[in-house]
Amino acid sequence: MKKAALFFAIFAAVLAAHLPLLHLPYYWDEAGYYIPAAYDFFRTGALIPFSTLSNAHPPLPSIYLALWWKVFGFAPWVTRTAMCAMASLALLAVFQMGRNTTRKWHVAWATVLLTTIYPIWFVQSSLAHADLFAATATLWALLFYLEKQTWACVFCFSLAALCKETAVVTPLALAVWEMMLLAANPSRTKPPSQLSRQRQWLQGAALLLPILPLTCWYAWHWHRTGFIFGNPEYLRYNATATILPLRVLLAFFHRLLQLTAHMNLFVPVLLMLACMMLPPIDGRERIPTQAQNTFYIVILANLVLFSVLGGALLTRYLLPLYPLVLLLCVNTFYRRFQMWPALVALCAAGFLAGIFINPPYRFAPEDNLAYRDVILLHQAAIQQIVQHDPGAVVLTAWPVTDELRKPELGYVPYPIDTVAVDNFSFDQVKAAARLAPEYSVALVFSTKYDPPHPWLSLGRRNEALDTRYFDFHRDLPPSSIAHLLGGIITWHGEQHGEWAAVLRFDRPQEARLPLHPFQYNQP
């Protein structure tokens with residue numbers, strides 16, 4: 001009952017903090033994969049999506065969202081409330097882990113507070129991505145692992161793997177670590193309060209079990225689709241094209257920055273390093289060595305994995321690691337600085353600023369409330385087309401292609417035809433100019449955040465490497481796009497470095513009758 005009360009208290013706070021965001025339609029990978037996949041299951045019971053390309057992601061997130069929609073209805077606020085509930089469950093695990101490892105409830109609550117308002121965690125708490133599901137199950141599994149509850153740990157790790165396939169790296173890393181310890185010192189003895197040597201071997205072997213349900217899922221996916229790991233392009237982008245030595249090193253460097261500096265995380269990390277120069281305060285204990293080693297193994301394994309896999313360097317892949325880093329920081333504050341709550345307050349101020357203020361370098365809008373600016377701009381631009389060009393064929397890029405074609409995403413009352421380009425770089429716009437007879441309107445937007453004054457940059461050489469390995473490009477401004485395509489700008493909007501514009505073309509077009517909203521019935 002006490003845990004239930006804690007959960008509902010955390011859930012109430014998280015939901016209240018996200019109230020202004022609950023009504024927003026779906027964004028980026030939500031619109032591109034996760035919502036269509038869950039919507040397919042909701043309508044037909046299909047675990048493998050058919051309205052979007054199958055990426056072979058396991059089905060638990062779709063099942064979870066469909067259950068919420070079944071009870072409360074299909075709407076963005078239901079989805080975002082469901083994700084807030086999942087984030088609250090993860091934060092409960094963070095609290096339990098903090099209290100168990102430090103024996104201090106105030107250290108645990110400080111860690112929960114900082115995790116909740118850390119910009120990346122805060123934003124992901126209401127976005128329907130599989131990473132939050134996997135992070136929640138992983139954090140509970142780590143809690144049970146430290147409590148020596150082997151089968152509860154294995155169960156949660158299995159759930160994590162069935163939420164996102166990459167989550168299986170954590171139990172595999174811990175299994176290897178356990179067996180390395182035993183192999184390195186086969187004669188070591190253990191205190192009576194710990195597991196026997198035989199039980200430790202069993203625990204290490206049990207940590208390999210979460211790979212079995214994931215293997216079953218892939219076998220079934222291969223049986224139904226002919227592909228084990230999803231469509232070939234998805235596999236190429238996220239796996240086969242990423243295994244290059246230089247790219248792996250560059251990705252590892254980016255991952256280190258994401259885990260130590262990104263979105264003002266440098267504030268607690270630098271304060272922790274400064275506190276480590278002070279002597280410990282008498283009577284204030286450190287986190288047990290076993291727990292610290294567990295955290296380090298988990299962090300290293302995930303850093304390495306996501307330096308090798310993943311075409312995009314998205315920070316949400318590291319979601320379960322941020323609470324571990326913050327717990328280490330907060331406990332160091334507590335052990336070595338008498339006025340440690342002041343340091344927690346300073347970190348909280350930095351995180352709150354990071355939620356609203358964009359950093360002076362390029363980043364993914366889903367790392368703070370910049371994603372809200374993108375959604376509002378897309379909504380306003382699409383509304384211009386719906387009102388003034390209802391029968392238009394629209395030149396645009398993903399994810400707006402999906403936003404226009406799929407009314408269930410919350411942007412349009414009926415499907416609108418599109419012609420797609422990859423982005424709005426010079427080469428892509430020139431290619432679009434050759435397709436001029438096929439579209440009558442263009443909706444162009446910033447596909448990458450470009451800071452107005454990027455004083456923090458790694459230089460042209462790094463930009464060239466990012467272009468080669470990480471799909472970096474520069475979008476042309478709306479005026480240049482209009483000039484190259486021979487159109488005029490009829491609407492233009494900007495918000496905090498993000499922009500969108502609607503272009504119209506004065507040339508003969510094939511007449512089309514728009515599908516009126518009441519004629520469109522979702523299957």
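Residues numbered from 1 in each chain as written. Predicted model: local features only at pLDDT ≥ 70, side-chain atom pairs only at ≥ 80, totals over all residues. Heavy atoms only, no water.

Peer 1: Please explain the confidence of the model for the protein chain as it appears in this structure.
Peer 2: Should the pLDDT be low somewhere, the predicted coordinates at that spot are not to be read in detail. Taken over all residues, the pLDDT of the protein chain has a mean of 90, while the share at 70 or more is 91%. Within the model, the stretch residues 516-523 combines pLDDT values under 50 with 15 contacts to residues more than four positions away or in other chains. (pLDDT = per-residue confidence, 0-100. Contact = heavy atoms within 4.5 Å.)

Peer 1: Please clarify how the packing of helix H7 (residues 130-146) against helix H9 (residues 169-184) should be interpreted in this entry.
Peer 2: Close contact between H7 and H9 brings their axes to 11 Å; oriented N to C, the two are set at 25°. Overall, the two elements H7 and H9 adopt an arrangement that is roughly parallel. By crossing handedness, the relation of H7 to H9 is classed as right-handed. Contacts between H7 and H9 involve Thr138, Leu142 and Tyr145 on the former and, on the latter, Thr170, Leu174 and Glu178. Residue composition of the contact of H7 with H9, grouped by class: three nonpolar, two polar and one charged. (Axes fitted to C-alpha atoms, helices over the stretch in contact; angles between N-to-C directions. Helix = DSSP H or I, 4+ residues; strand = E, 2+ residues; numbered from the N terminus. Parallel < 35°, antiparallel > 145°, perpendicular 65-115°, else oblique. Left-handed = near helix turned anticlockwise from the far one by under 90°. Nonpolar A, V, L, I, M, F, W, Y, C, P; charged D, E, K, R; others polar.)

Peer 1: Is there a simple way to think about a nonpolar patch on the surface in this case?
Peer 2: A surface patch of nonpolar side chains, amounting to about 470 Å² of accessible area, comprises Trp151, Leu202, Leu209, Ile211 and Leu212. Mapped onto the elements, Leu202 comes out in helix H10 (residues 197-206). (Patch = residues over 30% accessible without salt bridge, like charges linked within 9 Å, V, L, I, M, F, W, Y side chains within 5 Å. Areas by Shrake-Rupley, 256 points an atom, 1.4 Å probe, with all protein chains shown as cover. Salt bridge = Lys/Arg side-chain N within 4 Å of Asp/Glu carboxyl O.)

Peer 1: Where do I start with the nonpolar core in this structure?
Peer 2: Grouped burial of nonpolar side chains is what soluble globular proteins tend to show. Of all hydrophobic cores here, the largest spans 157 residues; its most connected members are Leu65 and Phe333. The leading source of residues in this core is helix H4 (residues 76-102), at 14 residues. The residues contacting Phe333, other than those within four sequence positions of it, are Pro268, Leu271, Met272, Cys275, Trp340, Leu343, Val344 and Cys347. Grouped together as the second largest cluster of nonpolar side chains are seven residues, Ala56, Leu214, Trp217 and Tyr218 included. (Core = buried A, V, L, I, M, F, W, Y, C linked by side-chain atoms within 4.5 Å. Buried < 20%, exposed > 50% of the residue type's maximum accessible area, 1.4 Å probe, protein only.)

Peer 1: What is the right way to look at the side chain of Ser158 in this model?
Peer 2: Take Ser158: it is sitting in helix H8 (residues 150-163). Apart from the residues lying within four places of it in its own chain, the contact partners of Ser158 are Pro210 and Pro213.

Peer 1: Sorry if this is basic, but what is going on with H4 here?
Peer 2: Across its 27 residues, H4 extends 39 Å between first and last C-alpha, which sits within 8% of the 39 Å expected from 1.5 Å per residue. Among the 27 residues that make up H4, 22 are buried, leaving the element largely enclosed by the rest of the structure. Immediately downstream of H4, the backbone of Arg103 shows phi near 65°, a positive value. (Expected span 1.5 Å × (residues − 1).)

Peer 1: Sorry if this is basic, but what is going on with the sheet that holds strand E1 (residues 394-397) here?
Peer 2: Two orientations exist for strands paired in a sheet by backbone hydrogen bonds: parallel and antiparallel. Spatial ordering of the open sheet is given by E2-E1-E3-E5-E4, a layout of five strands whose pairing is mixed. A single partner strand is all that each edge strand has here, and the edge strands are strand E2 (418-421) and strand E4 (488-495). Neighbouring strand axes in the sheet, compared pairwise and without regard to direction, differ in orientation by 20° on average. Note: E4 against strand E5 (residues 498-504), seven bridges, orientation antiparallel. Within E5, the residue paired with Trp491 across the bridge is Val502. (Pairing = 2+ DSSP bridges.)

Peer 1: Looking at this structure, how should I read the environment of Ala82?
Peer 2: Following the sequence through the fold, Ala82 ends up in helix H4. A relative accessible area of 0% means that Ala82 is categorised as buried. Along the primary structure Ala82 and Phe157 are separated by 75 residues, whereas in three dimensions their C-alpha atoms are 21 Å apart. The residues contacting Ala82, other than those within four sequence positions of it, are Tyr64, Leu65 and Trp68.

Peer 1: In this structure, what is going on with the packing of aromatic side chains? I would like to understand it.
Peer 2: To describe a pair of aromatic rings, you give the distance between the ring centres and the angle between the ring planes. Evaluated as defined, the whole model comprises 25 aromatic pairs. Their ring planes at 70° and their centres at 5.3 Å tell us that Tyr439 and Phe505 sit as a pair that is edge-to-face. In this pair, Tyr439 sits in the loop between helix H20 (426-433) and strand E3 (441-445) while Phe505 sits in the segment after E5, placing the two residues 66 residues apart along the sequence. You can call Phe505 buried: its relative accessible area is 6%. Joined through ring pairs, the aromatic side chains of Tyr27, Trp28, Tyr371 and Trp398 make up one cluster. (Phe/Tyr/Trp six-rings, centres within 6.5 Å; stacked < 30°, edge-to-face > 60°.)

Peer 1: Explain the pairing of E2 to me, please; I cannot follow it from the model alone.
Peer 2: Regular strands place their side chains on alternate faces of the sheet. Direction of pairing for E1 relative to E2: parallel, over a ladder of four bridges. The residue of E2 that forms the bridge with Leu395 is Val419.

Peer 1: Can you help me understand the packing of helix H5 (residues 105-117) against helix H17 (residues 340-356) in this one?
Peer 2: Any two packed helices are characterised by the angle at which their axes cross and by the distance between the axes. At a minimum axis distance of 9 Å, the contact between H5 and H17 shows a crossing angle of 15°. Judged on the interaxial angle alone, H17 and H5 are roughly parallel. H17 is crossed by H5, and the crossing has left-handed handedness. Mapping the contact onto sequence places His106, Val107, Ala110, Leu114 and Ile117 in H5 and Trp340, Val344, Cys347, Ala348, Phe351, Leu352 and Ile355 in H17.

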